[in-house]
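The chain contents come next:
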Amino acid sequence: MSEFDSGRRRVIQALGAGLLMPSLAPAVIASVKDRPQLTDGVQSGDLQGDKAIVWSRCDRPARMVVEWDTRSLFPNPRRFVSALTDARSDFTARVDLTGLPADQAIFYRVQFEDAQSGVASEPWFGHLRSVPQTRRDIRFVWSGDTAGQGYGINPDIGGMRIYEAMRLRLPDFFIHSGDTIYADGPIPAQLLTEGGRVWRNITSEAKSRVAKSLDDFRGNYRYNLMDENIRRFNAEVPQIWQWDDHEVVNNWSPGTALGVRYANKDIHSLVSRGRQAWLEYAPMRWQSAEGGKRIYRQIDYGPLLDVFVLDMRSYRGANDANLGDAKPFLGREQLDWLKASLKASKAQWKVIAADMSIGLGAPDGKVSPGVTRWEAVANGDPGPAQGRELEIAELLGFLRAQQVRNFVWLTAEVHYCAAHHYHPDRAAFQDFEPFWEFVAGPLNAGSFGPDTLDRTFGPEVVFEKAPPVHNMSPFGGFQFFGEVNIDGQSGELSVVLRDLEGVGVFEQKLQPL
């Protein structure tokens, strides 16, 4: 067993207990109630080159101190200190660890020092594996949709167990494909599910209503972090977050009319509060663009893999019939960035982490009698590309013209798992090379599907697994995550779709071109 694997097991035993190692004794001894408290565990994310973000949160104005080492006993720790955190950021803090050696086990410990007294909290431990600079085996997992449809933390079944199933796969990192919270979905004390079985939830004040205020949105993230499976997973697995709709409200777009649950009908104000809370709680490296609020970004993970994290929510036009001339979905700036970045990528595999599927129809009510409003790319018309589809057609045509190979689309959003193969021979729009799209989810939410594929880009359902009824509870077992393995020698990429227990239900192997 490697130092990384044995160390991760030793260190994680200390996570929940907040064990204080002798070398970590605070400068000022204080009673527990007088010391800062780490309220929500630790997270790491957005590994890039020799860097990694470490995130945590405390209960008062303080500075976060992070020490890291390549050995689990911290014989030679390097120290980083955050800016002062206070109520303006909900006491969340992050530091960007730098100077990490390539492809090494990195163990870190986090403390907060009180802004006034200097008294230190007990430490919380985590670890990660830094980015490789040479070819080696890579494993990562992805999924989406946490605590949806009222299905929250159920103590009777051990909480959000799928996070434990993912942790046990020992991934290098995790892509959360959106719906990191359900801000518009209250968590009741119990729900009556299929067959009359009762689903029981741990509850919180913030989850007793739809999120309207900034504190409401923040409380949604704190609710998820109450789950021990998530806290353990966060401390062991670096993450890459993206967002979708439920971080604000279902199917939101600039044209969304908020319903009776919202006294303030301004969707833009609600989005602003939702985005701020997401940025505070995501273990993400803030970018200089858009005042630090840009979400789309590229994560380089060595010579075998680049991850392109999309934002299919922030730049779209209003949801409508999605027909006719081009309509913004990614938006011009993001689309041009994606084209240029994919062309410039030297990685063997290029993973496009998408909020939503390219081909699955997602109805959003009616524009008028008999005319469907559409939420995603597809418009239900199997003919030539129209509306939002024209952005995807432009991208696919560009990739073919520039001979960009070995790209794979990953998404969640639809609450079941599937494998779709797109081929121009089956398509109305044919100026592209065949490619795969894989769908996984939900993590802890109601299960739905399957949805209907739009034929414009020639998709074929190679595999799908969905519940027999809509909104089946997690009791039914239709919760899924995806796993990607890249062989460091051959470069083969395999995708495995796994269920709530971590059992594989489908596998597809892809050879690099």
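Keep in mind it's a predicted model, so treat the numbers as computed, not measured. (Residues numbered from 1 in each chain as written. Predicted model: local features only at pLDDT ≥ 70, side-chain atom pairs only at ≥ 80, totals over all residues. Heavy atoms only, no water.)

**Quick notes on the confidence of the model for the chain**
Looking at the chain as a whole, the pLDDT averages 94, with 94% of positions reaching at least 70. With pLDDT under 50 throughout, residues 9–28 is counted as low confidence; its partners more than four residues away or in other chains account for 39 contacts. (pLDDT = per-residue confidence, 0-100. Contact = heavy atoms within 4.5 Å.)

**Notes on the pattern of salt bridges**
Enumeration according to the criterion identifies 39 salt bridges in this entry. For Asp103, the salt bridge goes to Arg136, with nearest N and O atoms at 2.5 Å. Separated by 33 residues along the polypeptide, Asp103 in the loop between β5 (92–97) and β6 (105–114) and Arg136 in the loop between β7 (124–129) and β8 (138–143) bring together distant segments of the chain. A relative accessible area of 23% places Asp103 in the partly exposed class. Under the relative-accessibility criterion, Arg136 is labelled buried at 10%. Several salt bridges share partner residues, and in doing so they unite Asp40, Arg57, Asp90 and Arg222 into one network. (Salt bridge = Lys/Arg side-chain N within 4 Å of Asp/Glu carboxyl O. Helix = DSSP H or I, 4+ residues; strand = E, 2+ residues; numbered from the N terminus. Buried < 20%, exposed > 50% of the residue type's maximum accessible area, 1.4 Å probe, protein only.)

**Examining helix α7 (residues 389–401)**
Each α-helix turn comprises 3.6 residues. Residues three or four places apart therefore point the same way. With 13 residues, α7 ought to run about 18 Å at 1.5 Å a step, and its terminal C-alpha atoms sit 18 Å apart, in line with that. Taken as a whole, α7 has its buried residues at Glu389, Glu391, Ile392, Ala393, Leu395, Leu396, Gly397, Phe398 and Leu399. For α7, the elements touching its buried residues are α6 (332–344), β18 (407–411) and β20 (435–439). Of the residues trailing α7, Gln403 is marked for its positive phi of about 55°. (Expected span 1.5 Å × (residues − 1).)

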